[in-house]
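Here is how the chains run, residue by residue.
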Amino acid sequence: MNAEEVDLAGLSPTALRAVRSRSPGYTPERAQAFLRFKSRIESELLNHRVITANGYTAWFSRGGQNEAQLRAFVVQFSVFSNQFLIAQLNKVINADTLDGMRASKEILANELGVTFSKTGDAGTARTGRYDPEHAGTEGSVQGGLFHFEAGHFEWLWGIAQRIGLEFPQVGHRRNGTPATLRFADELLRLYGGENYEISQAASFAVENWAAAGFWKQLIEGFRRYNEKRGTRLPIGFFVWHDRLEAQHARHTQEELEEYYFQTPLAEDAFIRYGNEMLDAVAAFWDGLEEQRLALADVRSG
Ligand SMILES: [Fe+2]
């Protein structure tokens, strides 16, 4: 069988080129196996309810939250955001190649406040732009500048302050509901775990969830809230992550292909662990849904 005789529609242009030029590992047989695996992923993983139908973020986007509901959201998000740092550090430590370690370190350093800059783009680094609405989402932390104010947590803290939260009330594990902590613990176990295959499955699941459009719903909700209340809550945290995901979403298949063509992959386990990760993501949003229902009658103030 050669590459011209088989139907390879559905492969990314990069993988297609690799198959046609017979790069090591990129056989037509493997390509067909990948396409079968891809359709399994679509029907057994990416159809998870947290990707296709997130009731909480749909509600949030309408901007009708009261102050107590908004505070609860910001608090739980800040707890997740900080716990994610621990999972990401573990991912750095558990990487099985130097390249993998660096890729994870990029994300961790950027979370903490090192801005991305494109190669040769020293101007951006020198001007030290860390306003999230304009901060870079592409390039590397290599040669980037650190600013406390560019730490993602500080962007969230900017909102928290404006809605009357005190520092001890945000970001700590003790501020998390059981649902948020379950999500955090599953991130540690799966995404940041020692088994690289499980970690890859969890990463893939998390990335597809993040690319599924919920950032836009959150931004829409904040915009409407600001409009209704005449407030100007700084929502750069959400705008930045939406921009990041918009460009990342285009690469998730390429990343999976790169992994698939180079490594024998236990497909059932990949799908199972991916689903376990998404179940935990769903638990996080279900927890927020429960909280917002409980706070529905709370008077603003
Ligand atoms: Fe972040």
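Because the structure is predicted, anything quoted here is derived from the model rather than measured.

What to know about the overall build of the protein chain
Assigned secondary structure in the protein chain consists of 14 helices and zero strands. Along its sequence from the N terminus, the protein chain presents helices and strands in the succession α-α-α-α-α-α-α-α-α-α-α-α-α-α. Against the 2.2 N^0.38 benchmark of 19 Å for 301 residues, the protein chain shows a C-alpha radius of gyration of 21 Å, consistent with a compact globule. Expressed along its principal axes, the backbone C-alpha trace of the protein chain runs to roughly 70 × 45 × 35 Å. Taking all 301 residues of the protein chain together, the buried fraction comes to 52%. In the protein chain, once contacts between residues fewer than 6 apart in sequence are set aside, the share between residues at least 24 apart is 76%.

Some words on the packing of helix H10 (residues 196-210) against helix H13 (residues 252-262)
At a closest axis distance of 11 Å, the pairing of H10 and H13 adopts a crossing angle of 165 degrees. Between H10 and H13, the angle falls in the class roughly antiparallel. For the element pair H10 and H13, the recorded crossing hand is left-handed. Across the interface between the two elements, Tyr-196, Glu-197, Gln-200, Phe-204, Glu-207 and Asn-208 of H10 pack against Thr-252, Glu-255, Leu-256 and Tyr-259 of H13. In the contact of H10 with H13, the residues fall into four nonpolar, three polar and three charged.

Some remarks on the pattern of salt bridges
Evaluation of the coordinates by the stated rule reveals 11 salt bridges. Between Glu-67 and Arg-229 there is a salt bridge whose closest N-O contact spans 3.7 Å. Placement of the pair is Glu-67 in helix H5 (residues 67-94) and Arg-229 in helix H11 (residues 214-229), with a sequence separation of 162 residues. Glu-67 gets classed as partly exposed once you look at its relative accessible area, which sits at 26%. The closest approach of N and O atoms between Glu-220 and Arg-224, which form a salt bridge, is 2.9 Å. Of the two residues, Glu-220 and Arg-224 are both situated in helix H11; the distance of four residues between them amounts to about one turn of the helix. Residues joined in a network through salt bridges with shared partners are Arg-40, Glu-44 and Asp-268.

Criteria and cut-off values
- Residues numbered from 1 in each chain as written.
- Predicted model: local features only at pLDDT ≥ 70, side-chain atom pairs only at ≥ 80, totals over all residues.
- Heavy atoms only, no water.
- Helix = DSSP H or I, 4+ residues; strand = E, 2+ residues; numbered from the N terminus.
- Rg over C-alpha atoms; globule rule 2.2 N^0.38 Å.
- Buried < 20%, exposed > 50% of the residue type's maximum accessible area, 1.4 Å probe, protein only.
- Contact = heavy atoms within 4.5 Å.
- Axes fitted to C-alpha atoms, helices over the stretch in contact; angles between N-to-C directions.
- Parallel < 35°, antiparallel > 145°, perpendicular 65-115°, else oblique.
- Left-handed = near helix turned anticlockwise from the far one by under 90°.
- Nonpolar A, V, L, I, M, F, W, Y, C, P; charged D, E, K, R; others polar.
- Salt bridge = Lys/Arg side-chain N within 4 Å of Asp/Glu carboxyl O.

Coordinates in, geometry out; function isn't part of it.
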